[in-house]
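# Summary of structural features
If you want the building blocks of each chain, they are given just below.
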Amino acid sequence: MRRNIVHSGADALIYEIRQIVALAKQIEAMGVPITWENIGDPIQKGENIPLWMKDIVSGLVNQNKSWAYTATQGDETTRKFLATKVNERGGAQITSEDILFFNGLGDAVAKIFGFMRREARILGPSPAYSTLSSAEAAHSGYEHLTYELNPDNDWMPDLEDIENKVKYNDSIAGILLINPDNPTGAVYPKEVMREIVKICEKYDIILICDETYAHVNYSEWGSIHLSEVIGDKVCGFALRSISKEYPWPGARCGWLEVFNRKNDPTFERYIKSLLDAKMLEVCSTTLPQLSIPLVYSHPEFLNHLKFRNLKFKKRAEKATQILSGIPGVKVIQPKGAFYLTLLFEDNILKSHMTLPIQNQQVKNFVSPLMEKAALDRRFVLHLLASAGICVVPLSSFCCSRNGFRVTLLEEDETKFEWIYQTLAENIKKYLAS
C-alpha cells in the first residue's frame, strides 16, 4: 500500500489465553482430548447459574425496556444504585455521573488506552493480565512498563520498585493495580493499597484498579475496594464487571467508578473523552445493566458470593497442597480470583527437557513450535501434547519468570483432583527428563 495503515502498537496485541486455543484445537483434531484450563469462564467449566438469578434475567427479557437503547453513560437507575453502593463503603463519595458503562471491561480497556495521550504511560504489574498490558503497549507503541509482584511476599507489589520507576520516568501518568490479582490470585490489604495511593499523590499521577474479582475473594481480610483507600486527593477509577461474580461473562457488561474527577481539569477532560467516545456508539448493552440492582439486592446474593468463595478457597488449598513440595517449583496459595500461578525456580528449566508424546502426528506438529519457544512455553506445549491439559505460560503475562497459570474452575471434584495430580506428575517427569 502507498501508506502504511498498521498501528505502531499492532505487534503488542497478543492474548495468549485465547491464542493457545488454536493450537489446542489442532491437537484435539489429531486425537488428543483437551482439558481447558486456559481461560476464566466458570460456565464452560460447569458452574450452574442460580435459578433466582435466571428468573431475574428472564423476567427482564419479558419487559420491552430491556430491548431498547439505554442512556449513553448507562441506565440511570443502575448507576444511582451503584453509586449508593460505593458510598456505603464510607470512603470516596460519588454520584451516578461518576459511573460509566461499557460492553465488558475489554471494551472499557480499549477506550481507556485508546483515548489516552500516547506519551502518557501506565505502570502495571508483572505478571500482567494480557488485556491490560497489551492495550497499554499498543497505545504507546512500546513495551508495557511494569513493576514487580514479589512471589516471596505472597505476590505483593514491590513498593520500592514502583516508586523508583515513577520517580525516574516522568512519562508515567498512572499506576495500575489488579485486586484480587489475575494471574496470581493475590489480594492486597489496605496497608499496601494506601502506600500506592501515597505514591500517586506524591507524584501527581492517577490510580487505576481492576476490580473484576472484587467479590471473588477468600482472603482473611476480605474485599478492599479502591474507593475505601483512594481518599479525596488522588484521581482514579475502578474497573468493575459482572462477568466473574454473577458469573455472566457472555453479558459483556462492565463499568468504571470514577473518583475525584473534579480535582484536576486534565483528568476531568480525559473522563469526558471516554463518555464522548461512548456517544459515538450510542450505549452499552441494556439487559445486563438492568439486572444489576435486582441481583445485587436479592436476599440470596450474599449467600451466593459466600458459597462461591468457600468453594474456591477449598480448591485453592487442595491445588496448593498437591503442587507444593515438588522440587524446582514454587506455589503461592491464591487468596482471590480463580487462578493459581506456579513458578519454576530460576534456571531449573532446560531446553532438552521433554514429556513423552504418544501421538506421532501431534509430536510432529508441536516439535517445530518448541524450537524458539520460551522455556515455560516449551513445558506448556509438552503438557498439551502429552497430557492434553491446556494452561497458559507465565512468560505470556509480560513476565520474565517461568511458570504457568491454571484455573480453579473445574466443578467435577474427581476431575479437579485428576487435573492437579496430572500436573504434578508431569512437572516431575519433565524436570527429571
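Higher on the page you've got the structure.
In every chain, residue numbers begin from 1 and rise along the written sequence. The predicted nature of this model means local features are confined to residues of pLDDT at least 70 and side-chain atom pairs, given and counted, to a pLDDT of 80 or more, with totals for whole chains, interfaces and linings taken over all residues. Excluded from the side-chain calculations are hydrogens and water; all other atoms, namely the structure's heavy atoms, are used.

### Observations regarding the sheet that holds strand E3 (residues 121-126)
Sheet architecture is open: 8 strands sit in the order E2-E9-E8-E7-E6-E3-E4-E5, paired in mixed fashion. The open sheet has two free edges, formed respectively by strand E2 (99-102) and strand E5 (156-157), since each of these has just one partner strand. Any two strands with at least two DSSP-identified bridges between them are counted as paired. The secondary structure listing takes helices from DSSP runs of H or I that are at least 4 residues long and strands from runs of E that are at least 2 residues long, numbered from the N terminus. Pairing between strand E7 (residues 206-210) and strand E8 (residues 236-241): 4 bridges, direction parallel. Along E8, the bridge assignment pairs Leu207 with Gly236. Here, residues are in contact when the closest pair of their heavy atoms is within 4.5 Å. A fitted line through C-alpha atoms represents every axis, and for helices the fit uses only the stretch in contact; the resulting angles, taken between N-to-C directions, go from 0 to 180 degrees. Helix H4 (residues 104-114) rests against E2, E3, E7, E8 and strand E9 (254-259) of the sheet, and its axis sits at about 155 degrees to E8. Relative to the sheet, helix H9 (residues 265-280) contacts E2, E7, E8 and E9, its axis offset from that of E2 by approximately 40 degrees.

### Some points on the pattern of salt bridges
A pair is scored as a salt bridge if a Lys or Arg side-chain nitrogen falls within 4 Å of a carboxyl oxygen belonging to Asp or Glu. Enumeration over the complete set of coordinates arrives at 33 salt bridges. Between Lys80 and Glu76 there is a salt bridge, with the nearest N and O atoms lying 3.7 Å from each other. With Lys80 and Glu76 both in helix H3 (residues 76-87), this residue pair falls 4 residues apart, about one helical turn. Using a relative accessible area of 49% as the deciding quantity, one classes Lys80 as partly exposed. Overlapping salt bridges bring together Glu47, Arg308, Lys311, Arg315 and Glu411 as one network. Note on classification: 1.4 Å probe, protein chains only; a residue is buried when its accessible area is under 20% of the maximum for its type, exposed when over 50%, partly exposed between these limits.

### Points about the packing of H3 against helix H10 (residues 286-296)
Each pair of packed helices gets described by two things: the angle between the helix axes and the distance between those axes. Close contact between H3 and H10 brings their axes to 8 Å; oriented N to C, the two are set at 40 degrees. As summarised for this structure, H3 and H10 are arranged oblique, according to the angle between their axes. Every pair of crossing elements has a handedness; the one defined by H3 and H10 is left-handed. Seen from H3, the contacting residues are Thr78, Phe81 and Leu82; seen from H10, they are Gln289, Leu290, Ile292, Pro293 and Tyr296. Should an angle fall under 35 degrees it is taken as roughly parallel, and over 145 as roughly antiparallel, whereas 65 to 115 is taken as roughly perpendicular and any remaining angle as oblique. Left-handed is the label given to a crossing in which the near helix is rotated counterclockwise from the far helix by less than a right angle, and right-handed is the label when the rotation is clockwise.

### Some points on the sheet that holds strand E10 (residues 329-331)
What the 4 strands build is an open sheet, ordered E10-E11-E14-E13; its pairing is antiparallel. Every other strand in the sheet has two partners, leaving E10 and strand E13 (392-393) as the edge strands with one partner each. Examined bridge by bridge, strand E11 (residues 339-344) and strand E14 (residues 403-407) share 5 bridges and lie antiparallel to one another. Considered in E14, the bridge of Leu342 is made with Phe404. Helix H11 (residues 301-323) contacts E10 and E11 of the sheet and is inclined by roughly 15 degrees relative to E11.

### Regarding helix H7 (residues 190-203)
The span expected for a helix works out to 1.5 Å for each residue beyond the first. Given a rise of 1.5 Å per residue, 14 residues ought to cover 20 Å, and the 20 Å separating the end C-alpha atoms of H7 matches this to within 8%. Buried residues along H7 sit in contact with E5, helix H6 (159-167), strand E6 (172-178), E7 and helix H8 (226-229). Within two residues after H7, Asp204 carries a phi angle of roughly 55 degrees, on the positive side.

### Some details on the packing of H11 against helix H14 (residues 413-432)
Running from N to C, H11 and H14 point in directions that differ by 25 degrees, and their axes come no closer than 9 Å. The orientation of H11 relative to H14 falls into the category roughly parallel. Crossing angle aside, the handedness with which H11 passes H14 is right-handed. For the pair H11 and H14, the contacting residues are Arg315, Lys318, Ala319, Ile322 and Leu323 in the first and Phe416, Glu417, Tyr420, Gln421, Leu423, Ala424 and Ile427 in the second. Gly falls in the polar group here, along with every residue not listed as nonpolar (Ala, Val, Leu, Ile, Met, Phe, Trp, Tyr, Cys, Pro) or charged (Asp, Glu, Lys, Arg). Considered class by class, the residues forming the contact of H11 with H14 number 8 nonpolar, 1 polar and 3 charged.

### Let's talk about the side chain of Glu47
Relative to the assigned elements, Glu47 resides in the loop between strand E1 (35-36) and helix H2 (51-61). In protein, a polar contact requires one atom able to donate a hydrogen and another able to accept it; more generally it is a pair of N or O atoms within 3.5 Å, and residues adjacent in sequence count only if both atoms are side-chain atoms. Reaching out from Glu47, the side chain makes a polar contact with the side chain of Arg308 at a distance of 2.7 Å. Residues contacting Glu47, with those up to four places away along its chain left out, are Pro42, Pro247, Arg308, Lys311, Phe312 and Glu411.

### Topic: the nonpolar core
In plain words, nonpolar cores are sets of buried Ala, Val, Leu, Ile, Met, Phe, Trp, Tyr and Cys residues tied together by side-chain atoms within 4.5 Å. Counting 59 residues, the largest nonpolar core has Ile175, Leu207, Ile292 and Tyr296 as its most contacted members. Non-local contacts of Tyr296, meaning those with residues more than four positions away in its chain, are made with Phe81, Leu82, Arg240, Ser241, Ile242, Glu245, Tyr246, Trp255 and Phe301. If you look at the next biggest cluster of nonpolar residues, it comprises 54 residues, including Leu23, Ile322, Ile326 and Leu383.

### Things to note about unusual backbone geometry
Of note, the bond from Ser126 into Pro127 is cis; its omega dihedral lies within 30 degrees of zero at 10 degrees. Take Pro127: it is sitting in the loop between E3 and helix H5 (130-140). Here the residue pair Asn179 and Pro180 is connected by a cis peptide bond, since its omega of -10 degrees sits within 30 degrees of zero. By the secondary structure assignment, Pro180 is in the loop between E6 and H7. Notably, Arg252 is not glycine yet its phi reads approximately 50 degrees, a positive angle. Locating Arg252 in the fold gives a position in the loop between E8 and E9. Backbone geometry at Ala337 places phi at a positive 60 degrees, although glycine is not the residue there. Examined against the element boundaries, Ala337 turns out to sit in the loop between E10 and E11. Under the relative-accessibility criterion, Ala337 is labelled buried at 0%.

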